[in-house]
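Read off the chains here:
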Amino acid sequence: MKKILLPIVLISLPTLLNAATAATQLEGGFKVGPAIILITILILFVMVGVVFRAKDTTDFYAAGRGISKVGSGMAIASNWMSAASFLGMAALMYGSGYHGLAYVVGWTGGYVLLLILMAGQIRKYGKYTAADFIGDRYYSKTLRAVGAIIAILISIAYAVGQFGGIGLMFKWVMGIDYTMAVIIGGAVVLTYTMISGMLGVTKNMQIQYVIIIISFLIPLFILTAKFDYFWLLPQIGYGSVVSDAISGLPVNETKALINSLGHDYAIVPAPEYAMPWDPATGKSFFQWIAIAFSLMIGTAGLPHVIQRFYVVPKARDARWSVVWGLFFISILYWSAPAYAAFGKILSAHPEVGTLAKDAIVVYTAQLGNIHPLIVGFLAAGGVSAAFSTVSGLLVAGSSAFAHDLYVKVINPNATPQRQLLYARLATILMAIIVTLLALKNFALIGQLVAVAFSLAGCTIFPLFLLGIWWSGSNKAGAIAGLITGGTVAVIAITYFIAGKSGVTLPAHDFISYWLEAWYFAWIGAPLAILVHIIVSRLTKETPLEIRKFLIEQVHS
């Protein structure tokens, strides 16, 4: 691979340098340098997928269970740092200031929950997928099928935001319209996901993490140094940028904050930028808490995250992989608010115009007059973030269909070759559905992803939490809890889609506030857990062999 890539890089270098100045516009126009960087990285991803392609179902579903804890931690971080993290978090904080930090707190806290409550126990249980665990633990083919369907729905909802991020970056780099950008990006990620399965996807994720974190950090060091903030640790230095946004900058005190368009400007005081529930933000204290809580429990219920614990050899490796993953994730999460703060002041001049919030990371680097090739690398990092997550989602969704629905429910005698065939067909179908939904452009990337988290929090999280830690949890309780959480989810998502379609349903304002699509798990999950416990207490006891397995194998 090195022999192939090195000549490509050497041949492309003069073109890259000569084309650098073509990347100065904020929108429109084909940017040669960034395009070459992006295409080179995409070729690398596909080649890695070919080299580490899945040879059997164990490779496709669980990467042969031979990934190290550090490697798995990098893959977890890459899989986690989606377009919602790379692009969406800065977008949310750029638009709503401190309120956007609810997403950072929720997503990070969710991994702490996984570390404490689930990682080791999930690996000890020894199944391939979330639905596999649900069907076995609750001794029900019906629950296995329902769990698989929910896993597919969550994967689709989560992937919609990622395809949106891919579309935005392809649109910026190639100067094509959003529709074509989503289709091209989706086709590339589909190609290498089908070839590689979990093994190739995991190897790609490790490479993608390196690209993501380097491309994300370099512009921050340049921005803080260029505008005379504390550049040695930009994650701290950006605090002064926030202070400037809050108190305002008069024209003659701009610290030479002249953007790439030549604007020497003033920014009016924006104190609401630092307060999560200032009336000017239009957000409340309840919404901040509800978002953070829903994202935390949703994280611990995401099928593609849970599935990552099956790729390591031992339960101890599963726990350590979460620790390493948290470390790698925190590097980016600590840095994302800086882009929002710099974007706030660099785009303050009216002549900049309205910028797409989800692309503010790239626009901030451009407005800071950073070299176009570095900006192009940053855009490639955004694509890498979306690719790493969407590939894991496609594998999780296709595994749920092929392994949990087709093999375990429909055709138990299916050969491994037929299983792989159906897994790949399911991957294609999911990619088509996600592409069609992404073209609708329903909301910001971070908000679209939050829908998947709330759905996972209402449905899968209660089943895993009680299934692992309470031997009294039984099939009847699981069904009742799932119906309860699912009902809350259906109501919230129905009102969300109706509102976006221009349809006003009864009690629209009440439901939209208390059961917003980004955070309905704040009530759905506790209700599901409560109903699960009550019904389990009133119905037939969990079979002895399952209780014995939990004590001897899972909690030994």
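What you see is a predicted model; the values in this text were computed from it and never measured. (Residues numbered from 1 in each chain as written. Predicted model: local features only at pLDDT ≥ 70, side-chain atom pairs only at ≥ 80, totals over all residues. Heavy atoms only, no water.)

Caption draft 1: Highlighting the environment of Tyr-138. Of note, Tyr-138 is situated in the loop between α7 (130-137) and α8 (141-174). Under the relative-accessibility criterion, Tyr-138 is labelled buried at 0%. Those residues within four positions of Tyr-138 in sequence are excluded, and the remaining contacts are Phe-133, Leu-143, Leu-463, Leu-466, Gly-467, Ser-473, Asn-474, Lys-475, Ala-478 and His-532. (Helix = DSSP H or I, 4+ residues; strand = E, 2+ residues; numbered from the N terminus. Buried < 20%, exposed > 50% of the residue type's maximum accessible area, 1.4 Å probe, protein only. Contact = heavy atoms within 4.5 Å.)

Caption draft 2: View of the pattern of salt bridges. Throughout the structure, instances matching the rule amount to three salt bridges. Note that Asp-132 is salt-bridged to Arg-144, the shortest N-O span being 2.5 Å. You can see Asp-132 sitting in helix α7 and its partner Arg-144 sitting in helix α8, a full 12 residues away along the chain. The exposure classification of Asp-132 matches that of Arg-144, with both residues buried. Measuring nitrogen to oxygen at the nearest pair gives 3.8 Å for the salt bridge that ties Asp-404 to Arg-144. (Salt bridge = Lys/Arg side-chain N within 4 Å of Asp/Glu carboxyl O.)

Caption draft 3: Highlighting helix α16 (residues 372-410). A rise of 1.5 Å per residue sets the reference length of α16, with its 39 residues, at 57 Å; its end C-alpha atoms lie 53 Å apart and thus fit the reference within 8%. Most of α16 is tucked away: 33 of the 39 residues are buried. (Expected span 1.5 Å × (residues − 1).)

Caption draft 4: Seen up close, the packing of aromatic side chains. On inspection of all chains with the given rule, the structure shows 23 aromatic pairs. Geometrically, the ring pair formed by Tyr-125 and Phe-549 is edge-to-face, given 5.0 Å between the ring centres and 75 degrees between the ring planes. Of this pair, Tyr-125 sits in helix α6 (residues 101-125) while Phe-549 sits in helix α22 (residues 544-554), and the two are 424 residues apart along the sequence. You can call Tyr-125 buried: its relative accessible area is 5%. Among the aromatic side chains, those forming a connected cluster through ring pairs are Phe-286, Tyr-513, Trp-514, Tyr-519 and Trp-522. (Phe/Tyr/Trp six-rings, centres within 6.5 Å; stacked < 30°, edge-to-face > 60°.)

Caption draft 5: The arrangement of the nonpolar core in detail. Residues Trp-80, Trp-107 and Phe-464 are the most contacted members of the largest nonpolar core, which totals 169 residues. The leading source of residues in this core is α8, at 20 residues. Once residues lying within four places of it in the same chain are set aside, the contact partners of Trp-107 are Trp-80, Ala-84, Met-89, Leu-295, Thr-299, Tyr-333, Gly-446, Val-449 and Phe-453. (Core = buried A, V, L, I, M, F, W, Y, C linked by side-chain atoms within 4.5 Å.)

Caption draft 6: Structural context of the side chain of Glu-516. Within the secondary structure, Glu-516 sits in the loop between α20 (508-514) and α21 (521-538). Salt bridges are absent for the buried Glu-516, whose nearest opposite-charge side chain, Lys-283, sits at 6.7 Å. Look past the residues within four positions of Glu-516 in its chain and what remains in contact with it is Phe-496 and Ile-511. (Lys, Arg positive; Asp, Glu negative; His and termini not counted.)

Caption draft 7: Structural detail: unusual backbone geometry. For Asp-228, which is not glycine, the phi dihedral falls at a positive 65 degrees. You can see Asp-228 is positioned in the loop between α9 (178-226) and α10 (234-247). Here Asp-228 falls in the exposed class, since its relative accessible area comes to 64%. One non-glycine residue, Ala-507, adopts positive backbone phi at about 55 degrees. For Ala-507, the position within the fold is in the loop between α19 (475-500) and α20.

Caption draft 8: The arrangement of the side chain of Asp-404 in detail. Tracing the sequence through the fold places Asp-404 in helix α16. For Asp-404, a relative accessible area of 0% gives the class buried. Sequence-distant contacts of Asp-404, that is, excluding residues within four places in its chain, are made with Thr-129, Ala-131, Asp-132, Arg-144, Ala-148, Ser-399 and Val-409.

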